[in-house]
Amino acid sequence: LNVFQDAASPIMEELLHFHDHTLMAVFLISTLVLYIITIMMTTKLTNSMDAQEIEMVWTIMPAIILIMIALPSLRILYLMDEVNDPHLTIKAIGHQWYWSYEYTNYEDLSFDSYMIPTNDLTPGQFRLLEVDNRMVVPMESPTRLLVTAEDVLHSWAVPSLGVKTDAIPGRLHQTSFIATRPGVFYGQCSEICGANHSFMPIVVEAVPLADFENWSS
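Here is a short report on the structure shown in this document. (Residues numbered from 1 in each chain as written. Predicted model: local features only at pLDDT ≥ 70, side-chain atom pairs only at ≥ 80, totals over all residues. Heavy atoms only, no water.)

Examining the packing of aromatic side chains
Let me state the cut-off plainly: Side-chain rings of Phe, Tyr and Trp (the six-membered ring for Trp) are treated as a pair once their centres are within 6.5 Å; stacked means planes under 30 degrees apart, edge-to-face means over 60, and tilted covers the remaining angles. Only DSSP runs of H or I covering at least 4 residues are called helices, and only runs of E covering at least 2 are called strands; the numbering of each starts at the N terminus.
A full pass over the atoms with the stated rule returns nine aromatic pairs. A ring pair is formed by Y106 and F212, whose centres lie 6.3 Å apart and whose planes are at 70°; its orientation type is edge-to-face. With Y106 in the loop between β2 (98-103) and β3 (110-113) and F212 in helix α3 (residues 209-216), this pair connects stretches of sequence that are 106 residues apart. Taken together, Y101, Y103, Y106, F111, F212 and W215 form an aromatic cluster joined through their ring pairs.

Notes on a nonpolar patch on the surface
Quick note on the threshold: Every patch collects residues that have over 30% relative accessible area and no salt bridge, joining them within 9 Å if they carry like charges and within 5 Å if they are nonpolar side chains (Val, Leu, Ile, Met, Phe, Trp, Tyr). Note that accessible areas follow from Shrake-Rupley with a 1.4 Å probe, and for residues the cover is restricted to the protein chains shown. In what follows, salt bridge is the name for a side-chain nitrogen of Lys or Arg lying within 4 Å of a carboxyl oxygen of Asp or Glu. The rule is simple: take the accessible area with a 1.4 Å probe, protein chains only, and divide by the maximum for that residue type; under 20% is buried, over 50% is exposed, in between is partly exposed.
Taken together, the side chains of L32, Y35, I36, I39, M40, V57 and M61 make up a nonpolar region of the molecular surface, amounting to roughly 630 Å² of accessible area. Where the nonpolar patch is concerned, the elements lending two or more residues are α1 (10-42) and α2 (51-81). No other element matches the five residues that α1 contributes to the nonpolar patch. Look at M61 and you get partly exposed, because its relative accessible area is 39%.

Quick look at the environment of I64
Its place among the elements puts I64 in helix α2. Judged by relative accessible area, which is 44%, I64 ranks as partly exposed. Between the C-alpha atom of I64 and that of S30, which follows or precedes it by 34 residues, the distance is 16 Å.

This is how it looks when you write it as structure tokens:
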């Protein structure tokens with residue numbers, strides 16, 4: 001059972017691969033520990049290995065495993081911080097309790113994004129996840145996202161895009177993503193920001209460039 005949403009960006013694909021890599025290391029460690037416990041319980045103990053050799057093994061092996069986990073992790077961390085020549089810049093502002101979006105490449109393109117009440121949903125829409133105005137982005141185009149808040153702490157997070165950035169009043173955080181396929185991707189504020197914390201969803205709609213230009217014009 002996969003606990004993650006399907007990846008819609010290169011960063012999320014890397015995160016999924018790193019998760020599988022780390023899980024395999026945990027599986028191997030668990031298997032080795034279980035094997036040693038079984039041997040100790042079923043076999044008469046012997047002093048066939050010198051104490052110094054044992055200490056070297058249980059010091060070097062964990063160090064090697066940690067390096068195998070740390071190197072891919074650092075690589076992904078630097079990839080997530082890189083913002084190379086974005087084609088579009090969007091500013092997301094967290095409010096109590098909705099999001100505002102400003103397309104800084106356009107003179108007058110900004111809107112608020114409120115959750116659609118349950119009574120107003122149409123068949124096929126998701127409860128507590130649909131919004132009246134989606135954040136539309138062109139697919140296969142590097143998009144820079146500037147995130148801040150106007151009142152309290154929020155967090156802009158879309159799992160399928162591999163994006164989670166805190167929105168802090170007075171600070172401007174930067175992240176980026178590339179939507180590799182068309183679709184509608186859902187997220188939520190991932191910071192407990194007040195009574196209606198669970199009622200400020202995020203919806204990103206990735207469309208072909210031609211459709212985005214028609215939408216933004």
